[in-house]
Amino acid sequence: MEKDLGNYRKIYQKSELLEQTISDNPMELFQKWFFEAEQSENGLENNAMTVATIGADGFPKSRVVLLKKYTWEGFIFYTNYNSEKGKAIAENPNVCASFFWQDMERQVIIKGVSEKIASNLSDGYFESRPDGSKLGAWASEQSSVVPSRAFLDERLHSFEEKFEGKEITRPEHWGGYIIKPKSIEFWQGRPNRMHDRIRFTLQEDYNWKVERLAP
Ligand SMILES: Cc1cc2nc3c(=O)[nH]c(=O)nc-3n(C[C@H](O)[C@H](O)[C@H](O)COP(=O)(O)O)c2cc1C
């Protein structure tokens, strides 16, 4: 099979990213960009981010998860702690998370260290989820090999019965991670492939070093 995509070409010209317009803290720029992505009302999941981990096999693996909160400290997402990513993070907490906001012609790349959030915070978010999602967290041993679709449906059904009329508590193996950034790179597409790239790197004194990178 062969398909040549060589003539796929887009001119990026919607915006620019200049040093004079940014503050000292990258979380402020993240907030501005996230807000602008939301404002564009594109109907897309602007909080979808690709998180890459390093597995015990030495390979990186990336997958999409949903950003559920960001604070000055970092970026929070929820998952199964026993999943492939959970096991990878337990071995090596260094991760890379990235966003591609296509209609803004923007990319953000975060390198950071992930850690489990406090269990009461995971409880709080779990409680806010619809019952179906709560039961799914019980039913799915995420990333394990399963014999069939029917197996999954039966497992879901068995947890529906187990929790019928009862409060659906958070399983221990399900909760949040916070990615605490060490560096955040902002990419704004520009014409002629002369894109703007600004990287913030956390220093030992907790200030951020700001550098422009060649596109
Ligand atoms: C749009 C989208 C959102 C997703 N959100 C999450 C999420 O918030 N948490 C999660 O565990 N998996 C989420 N997934 C599924 C993951 O991409 C992945 O399949 C799952 O977490 C298992 O990954 P792992 O086996 O590498 O651990 C999402 C997938 C997509 C496409």
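Just so it is clear, the structure is predicted and the values come from calculations on it, not from any experiment.

Caption draft 1: Structural context of the overall build of the protein chain. Within the protein chain, the secondary structure is distributed over five helices and eight strands. Along the chain direction, N to C, the helices and strands of the protein chain fall in the order α-β-β-β-α-β-β-α-α-α-β-β-β. Taken over the C-alpha atoms alone, the protein chain extends approximately 60 × 55 × 40 Å along its principal axes. Taking all 215 residues of the protein chain together, the buried fraction comes to 35%. Here the contacts in the protein chain between residues at least 6 apart in sequence split such that 63% fall between residues at least 24 apart. Within the structure as shown, the protein chain displays about 13,400 Å² of accessible surface, and the carbon and sulfur contribution to it stands at 50%.

Caption draft 2: Focus on the environment of P181. Assignment of secondary structure puts P181 in strand 6 (residues 174-188). On the accessibility criterion, P181 (8% relative accessible area) is buried. Along the primary structure P181 and Y12 are separated by 169 residues, whereas in three dimensions their C-alpha atoms are 27 Å apart. Ignoring sequence-local partners within four residues, the contact set of P181 consists of E73, G74, F75, I110, K111, G112, L202 and W208.

Caption draft 3: Spotlight on the packing of helix 4 (residues 131-139) against helix 5 (residues 149-162). Interhelical geometry of helix 4 versus helix 5 gives an angle of 115° and a closest axis separation of 9 Å. The chirality of how helix 4 crosses helix 5 is right-handed. Contacts between helix 4 and helix 5 involve L135, G136, W138 and A139 from the former and R155, L156, F159 and E160 from the latter. For the contact of helix 4 with helix 5, the residue count by class is five nonpolar, one polar and two charged.

Caption draft 4: Structural context of the side chain of S114. By the element assignment, S114 lies in strand 5 (residues 106-116). Under the relative-accessibility criterion, S114 is labelled buried at 5%. Other than its neighbours up to four places away in sequence, S114 contacts I89, P93, V95, I178 and I179.

Caption draft 5: A look at the site of the ligand. Looking at the ligand, there are 13 residues lining it, with R63, V64, T79, K85 and S143 nearest. L66 is positioned with one of its backbone polar atoms (N or O) 3.1 Å from an oxygen atom of the ligand. E84 is positioned with one of its backbone polar atoms (N or O) 3.3 Å from an oxygen atom of the ligand. When isolated, the ligand has an accessible area of 620 Å², and the protein chains bury 66% of it. Elements that contribute at least two residues to the shell around the ligand include exactly strand 2 (60-70), strand 3 (75-80) and helix 2 (84-91). Here the element with the most residues in the shell around the ligand is strand 2; it accounts for five residues. Class assignment for the residues of the shell around the ligand results in four nonpolar, four polar and five charged.

Caption draft 6: Representation of the packing of aromatic side chains. Throughout the structure, instances matching the rule amount to 19 aromatic pairs. Plain terms: the ring middles of F34 and W101 are 5.9 Å apart, the flat faces sit at 70° to each other, and that makes the pair edge-to-face. Remark: W101 occurs in strand 4 (residues 94-101) and F34 occurs in helix 1 (residues 26-39); sequence separation between them is 67 residues. With respect to burial, F34 and W101 carry one shared label: buried. Geometrically, the ring pair formed by Y78 and Y125 is stacked, given 4.1 Å between the ring centres and 25° between the ring planes. Taken together, the residues Y78 in strand 3 and Y125 in helix 3 (residues 119-128) connect sequence positions 47 residues apart. Taking the relative accessible area as the measure of exposure, Y78 reaches 16% and is therefore buried. Of the aromatic side chains, those joined through ring pairs into one cluster are F30, F34, Y70, F75, F99 and W101. Sitting over the ring of Y81, K116 keeps its end group 4.4 Å from the ring centre.

How each quantity is defined
- Residues numbered from 1 in each chain as written.
- Predicted model: local features only at pLDDT ≥ 70, side-chain atom pairs only at ≥ 80, totals over all residues.
- Heavy atoms only, no water.
- Helix = DSSP H or I, 4+ residues; strand = E, 2+ residues; numbered from the N terminus.
- Buried < 20%, exposed > 50% of the residue type's maximum accessible area, 1.4 Å probe, protein only.
- Contact = heavy atoms within 4.5 Å.
- Areas by Shrake-Rupley, 256 points an atom, 1.4 Å probe, with all protein chains shown as cover.
- Axes fitted to C-alpha atoms, helices over the stretch in contact; angles between N-to-C directions.
- Left-handed = near helix turned anticlockwise from the far one by under 90°.
- Nonpolar A, V, L, I, M, F, W, Y, C, P; charged D, E, K, R; others polar.
- Near = heavy atom within 4 Å.
- Polar contact = N/O pair within 3.5 Å; in protein donor to acceptor, adjacent residues only side chain to side chain.
- Phe/Tyr/Trp six-rings, centres within 6.5 Å; stacked < 30°, edge-to-face > 60°.
- Lys NZ or Arg CZ within 6 Å of the ring centre and 35° of its normal.

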